[in-house]
Amino acid sequence: MRPNFFGRLNRMQSKPAGIGVNEIRRALEPYGFAPTGKQSALIGAYVELLLKWNRVVSLTAVTNPVEIVGRHFGESAFLTQVLPVENCRLVDIGTGAGFPGLALKIADSSIRLTLIESNKKKGTFLSEVVRALEFTDVEIRAERFEEIRPQDIEANVVTSRAVGEFKELLRWSKNALADRGHVALWIGADDSTRISRNSAWIWQPAVRIPESQRRYVLIGRPKEGSAEDH
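These numbers come from a predicted model, not from an experiment.

Conventions adopted
Residues numbered from 1 in each chain as written. Predicted model: local features only at pLDDT ≥ 70, side-chain atom pairs only at ≥ 80, totals over all residues. Heavy atoms only, no water. Axes fitted to C-alpha atoms, helices over the stretch in contact; angles between N-to-C directions. Helix = DSSP H or I, 4+ residues; strand = E, 2+ residues; numbered from the N terminus. Parallel < 35°, antiparallel > 145°, perpendicular 65-115°, else oblique. Contact = heavy atoms within 4.5 Å. Core = buried A, V, L, I, M, F, W, Y, C linked by side-chain atoms within 4.5 Å. Buried < 20%, exposed > 50% of the residue type's maximum accessible area, 1.4 Å probe, protein only. pLDDT = per-residue confidence, 0-100.

### Side note on the packing of helix α2 (residues 21-28) against helix α3 (residues 37-53)
Okay, step 1: One can describe the packing of α2 onto α3 by two numbers: an axis separation of 10 Å at closest approach and a directional angle of 95°. The pairing of α2 with α3 is recorded here as roughly perpendicular in orientation. Residue-level contacts link Val21, Ile24, Arg25 and Leu28 of α2 to Gly37, Ser40, Ile43 and Gly44 of α3.

Here is the structure:
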């Protein structure tokens, strides 16, 4: 990381998120997430940090605060409507700016979270969010998931919104999941159909994400004793 990175960031005027509690709640309503006052405050602070850092580090193409809340926080928190995550150990692969992992942590603070993100600048942003929002039980690993020994993980849930090579991700997840653990993928319709053909996994019907025509959440768990398809 270049030495003047933080200097450039601090010299910039942080633009206020410009989004209030009622706007946050309205933006999240389609996804079944009704945030408390504390959760709304965390989301507002997160959006402000995201917009500030996005001027230096490429974190999101969405820059309207209301759209950020819906697209990133709402779509992420939607998982809680289709899969129990209370008190689980959740590993988020290729988390980028923290989605879905940190958004799910806001939705349910009991989650014990590991964020895997190989981009060092994005990892620095994640560390700042965790520090500023005072999250606990969050580990950030600045590695590629393939470099991590999956047998040491024992996750209840593995999530990913951004990894394109699903065969390798599923192979890794099969060994990283605890007994009866699940993988949850945010994907397009075509990928959903293709991945559901992987017979080494038991797949639930893909669920269309609210406010979207072609994005789905696909949830599955490995069949016992099955070999991964190639």
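That covers the picture; the talk isn't over yet.
### Observations concerning the nonpolar core
Okay, step 1: The biggest cluster of nonpolar side chains holds 49 residues, and the ones touching the most others in it are Ile43, Tyr46, Phe73, Leu79, Leu102 and Phe125.
Okay, step 2: The set of elements that each furnish at least two residues to this core consists of α2, α3, α4 (65-77), α6 (101-107), β2 (112-116), α7 (120-132), β5 (177-188) and β8 (215-222).
Okay, step 3: Looking at this core, the element that brings in the most residues is α3, giving eight residues.
Okay, step 4: Among all residues touching isoleucine 43, those that are not within four sequence positions of it are Ile24, Leu28, Phe33, Val69, Phe73 and Ile106.
Okay, step 5: Formed by 23 residues, the second largest nonpolar core is a distinct cluster that contains Ile148, Phe166, Leu177 and Ile187.

### What to know about the confidence of the model for the protein chain
Okay, step 1: When pLDDT is averaged across the protein chain, the result is 91; 90% of the residues are at 70 or more.
Okay, step 2: Contacts from residues 1-17, a stretch scored under 50 in pLDDT, to residues over four places away or in other chains number 29 contacts.

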